[in-house]
Amino acid sequence: MGNVIQKLSEVTVNLIAAGEVVLGPASVVKELVENALDAGATQIDIWLESGGKNFIRVKDNGIGMTRDDMLLSFHNHTTSKLDQNDLNNISTFGFRGEALASIASVSKINMMSRYKGSNESYQILLSGGTDYTISPVIHDYGTTIEVRELFFSTPARLHFLKSDKAEAARCLSVIKNISLAHLDKSFACYIDGKQVFQVLPYCDLSIQENLLNRASSAMCHEFVDNALFIDSRKDDVHLTGVISVPTYSKVSTDSQIFFVNGRPIKDKIFSTALRIAYRDVIPAGRYPYAVLFLTTSPYDVDVNVHPSKTEIRFKRPYLLKDFVTESIKVVLRSVSHLSATRSIDLDSFQKSNCSISSPFLQEDKHLPYFTDSKELFELKPDVKTYEKVVESDSYPLGAARFQIGNSFIISQTSDGIVLVDQHAAHERLLYESMKSSFLERNAQTQKLLYSVKVVLSSEEAFSAIVERLDLLSRIGLVLEVLSDDCSVQVVSVPLLLVDHDIAQIVKDLSDDLVNMYDLNRVENILEHVCKTWACYHSLRAGRSLSLDEMNELLRKIETTSNAGQCNHGRPSYVKLSVDKIRKIFERT
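Thresholds, definitions, all that
- Residues numbered from 1 in each chain as written.
- Predicted model: local features only at pLDDT ≥ 70, side-chain atom pairs only at ≥ 80, totals over all residues.
- Heavy atoms only, no water.
- UniProt positions renumbered as here; feature names shortened; annotations may be inferred.
- Pairing = 2+ DSSP bridges.
- Helix = DSSP H or I, 4+ residues; strand = E, 2+ residues; numbered from the N terminus.
- Axes fitted to C-alpha atoms, helices over the stretch in contact; angles between N-to-C directions.
- Salt bridge = Lys/Arg side-chain N within 4 Å of Asp/Glu carboxyl O.
- Buried < 20%, exposed > 50% of the residue type's maximum accessible area, 1.4 Å probe, protein only.
- Polar contact = N/O pair within 3.5 Å; in protein donor to acceptor, adjacent residues only side chain to side chain.
- Contact = heavy atoms within 4.5 Å.
- Parallel < 35°, antiparallel > 145°, perpendicular 65-115°, else oblique.
- Nonpolar A, V, L, I, M, F, W, Y, C, P; charged D, E, K, R; others polar.
- Phe/Tyr/Trp six-rings, centres within 6.5 Å; stacked < 30°, edge-to-face > 60°.
- Lys NZ or Arg CZ within 6 Å of the ring centre and 35° of its normal.
- Patch = residues over 30% accessible without salt bridge, like charges linked within 9 Å, V, L, I, M, F, W, Y side chains within 5 Å.
- Areas by Shrake-Rupley, 256 points an atom, 1.4 Å probe, with all protein chains shown as cover.

Labelled according to an unreviewed UniProt entry, the protein appears under the name DNA mismatch repair protein MutL, originating from Candidatus Sneabacter namystus. In its Function (unreviewed entry) section, UniProt records this for the protein: "This protein is involved in the repair of mismatches in DNA. It is required for dam-dependent methyl-directed DNA mismatch repair. May act as a 'molecular matchmaker', a protein that promotes the formation of a stable complex between two or more DNA-binding proteins in an ATP-dependent manner without itself being part of a final effector complex." If you open the UniProt record of the protein and go to Sequence similarities (unreviewed entry), you find "Belongs to the DNA mismatch repair MutL/HexB family."

If you want it as structure tokens, here you go:
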């Protein structure tokens, strides 16, 4: 029998690698633009035809390449960016030496380059990564790469591409996202001869203003009007970026963009942190906008996980997720009254003294089953001279004037009017009051008459539960470890969960802990019970209120966290300034 094992040719290796690196035109654009950034380019122009299927050109003003480097660059695993003696210290976008070889194996390439300081420039032509010619050419400093007839050598791949319009949109999305992380660079994109995107650095603007300008171009102008800045640091980890106010959201996560050390990535740490931070102020099925930049030591990040380099691993994922979550929560608390109108100046609001530590983990007195509903429901007016309230900056929601349909309150401020949904606002007040009880006291528990045995799915799930027994007990879920493999028994449960399938909750919770979701499942159920109770016991639409009651409701909104939206994420009030009213009536 002859030899069975054979060494693959370089052409075959490149074609196989291209299956992972080159998924479509957007992958080509990403790799070439990142190469330009690694080359120190400050201006990058991209041209596309037929969605990038027939033609892609990326031109930069980077350092350029010599003739020998141009020839070597299309060989597999050749790179100028990697210190082979320190593979853990990767600070460039490219480092595997696969991209150009992979792209060349499935397309026709024309690359022109002139190295800075050199009087010579060259052009290299390749077809399918094999046949090539190189010759002198006239070219500016930097590099231009043209990719034609993508997948001509593997035509079956063409059937998996979308329409020209869809592929062009993907390429444009890649360019816009990359531009967000490089505020000091210029980017321009031309599709079928028409300029569709251009951003320039503005030296006279702050980093925040530059980021808002980029976000306006890359995402949408409305996001800029509803953006909140993040700037948080812990040890050697730094988180910056912008997120949206809770009432400005969408039905998909495609406007959540994450970067680690400037590299665009997809990672559940960030998406999970956003979901946890917003879960109390945004409805299910809605997602906030976010552009987040995390900077940390390259030794704490493994970027060599996948050839696409969008998947990474962190050395301390749990600590990192907690840091990102708390950083977002702190920002949301600081503007807890803000709704998507962005019309109210919140500087004069009385801020809540809410703790920033994890929910349900405070040690204090026991929580009653429910706070007295009558005490929560009643409004106890503190009669003031409301004419003075209108002119006072201490009361940004102004003075109530009248009620519409026994459902909406109209109040007057020094520069306009405020429309308040009384049911939505009071619902949030009740819920925040109940939630504060959980934050300030240990949850009351119910000891089970018969303990419930729970067999967990794996050793990993079992360890995740055992490591957090103390934390679980603080929210009222008391477990004991059994001698059986991967088994625990439930001794006590939070009083609010007596009627729930506690065994299934523990199983699901163990899976959540393995996936870094922490105690969310139990907290979510507790919060759902509180939200449902608050909804049924809040002021109903149709109830008539006196002026004193209306004004007392406004004062409570001003001093309650997250009062800018109801428990379902809808705005609880909207402000119309005099200027906006003038625009409505087309008066200048």
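That was the structure; now back to the text.
With that settled, consider the sheet that holds strand S15 (residues 290–295). Taken together, the five strands give an open sheet; going across it, the order is S9-S10-S15-S12-S13, and neighbouring strands pair in mixed fashion. Two strands bound the open sheet, and with one partner strand each, they are strand S9 (227–234) and strand S13 (263–265). Going across the sheet, the axis of each strand differs from the next one's by a mean of 20°, ignoring polarity. Note: strand S12 (residues 256–260) against S13, three bridges, orientation antiparallel. Note that in S13 the partner of Phe 259 across the bridge is Pro 264.

Let us now look at the pattern of salt bridges. Taken as a whole, this structure holds 17 salt bridges when the rule is applied. Glu 167 is the partner of Arg 170 in a salt bridge, and the nearest nitrogen-oxygen pair spans 3.6 Å. With a gap of three residues between them, Arg 170 and Glu 167 both fall in helix H5 (residues 164–180), about one helical turn apart. Residue Arg 170 is classed as partly exposed on the basis of its relative accessible area of 43%. The salt bridge involving Asp 184 is made with Lys 185; its shortest N-O contact spans 3.8 Å. The network of salt bridges with shared partners includes Arg 57, Glu 146 and Arg 148.

The sheet built from eight strands is open, its strands ordered S5-S4-S3-S6-S2-S1-S7-S8 with mixed pairing. Strands at the two margins of the open sheet, each flanked by one partner only, are strand S5 (131–136) and strand S8 (194–199). In this sheet, adjacent strand axes meet at a mean angle of 10° when their direction is disregarded. Bridging between strand S7 (residues 186–191) and S8 involves five bridges; their strand directions are antiparallel.

Okay, the environment of Gly 476 next. The residue Gly 476 is located in the loop between helix H14 (469–474) and strand S22 (478–481) in this model. Note on Gly 476: relative accessible area 0%, which makes it buried. Here the alpha-carbon distance between Gly 476 and Val 493, two residues 17 residues apart in the chain, equals 5.3 Å.

With respect to the secondary-structure elements, His 139 resides in the loop between S5 and strand S6 (142–148). According to the relative accessible area criterion, His 139 is buried, its value standing at 10%. A polar contact of 2.8 Å, which involves the side chain of His 139, links it to the side chain of Thr 144. Residues within four places of His 139 in sequence aside, it is in contact with Met 112, Ser 113, Arg 114, Ser 121 and Thr 144.

Of note, Gly 24 is situated in the loop between helix H1 (10–21) and helix H2 (25–38). With a relative accessible area of 6%, Gly 24 lands in the buried category. Linking Gly 24 and Lys 53, residues 29 residues apart in sequence, is a C-alpha distance of 8.0 Å.

Turning next to the packing of H5 against helix H6 (residues 207–218). Two numbers describe how H5 lies on H6: the axes approach to 9 Å, and their chain directions differ by 170°. Judged by the inter-axis angle, H5 sits roughly antiparallel to H6. For the pair formed by H5 and H6, the contact residues are Lys 176, Ser 179 and Leu 180 on the first element and Leu 211, Arg 214, Ala 215, Ser 217 and Ala 218 on the second. Tallied by class, the residues present in the contact of H5 with H6 amount to four nonpolar, two polar and two charged.

This part is about the packing of aromatic side chains. Tallied over the full model, the rule gives five aromatic pairs. Centre to centre, the rings of Phe 223 and Tyr 289 are 5.3 Å apart; their planes meet at 20°, and the pair counts as stacked. Highlighted residues: Phe 223 in helix H7 (residues 221–225) and Tyr 289 in the loop between strand S14 (287–288) and S15, separated in sequence by 66 residues. The class of Phe 223 is buried, set by a relative accessible area of 0%. A relative accessible area of 9% places Tyr 289 in the buried class. Within the aromatic cluster, the residues linked to one another by ring pairs are Phe 223, Tyr 248 and Tyr 289. The lysine or arginine in question, Arg 57, covers the ring of Trp 47, its NZ or CZ lying 5.0 Å from the ring centre. One residue, Arg 114, lies across the ring of Tyr 141, its end atom 4.2 Å from the ring centre.

Moving on, we get to a nonpolar patch on the surface. A cluster of nonpolar side chains, contributed by Phe 402, Ile 404 and Phe 408, occupies part of the molecular surface with about 290 Å² of accessible area. In this fold, Phe 402 is placed in strand S18 (residues 399–404).

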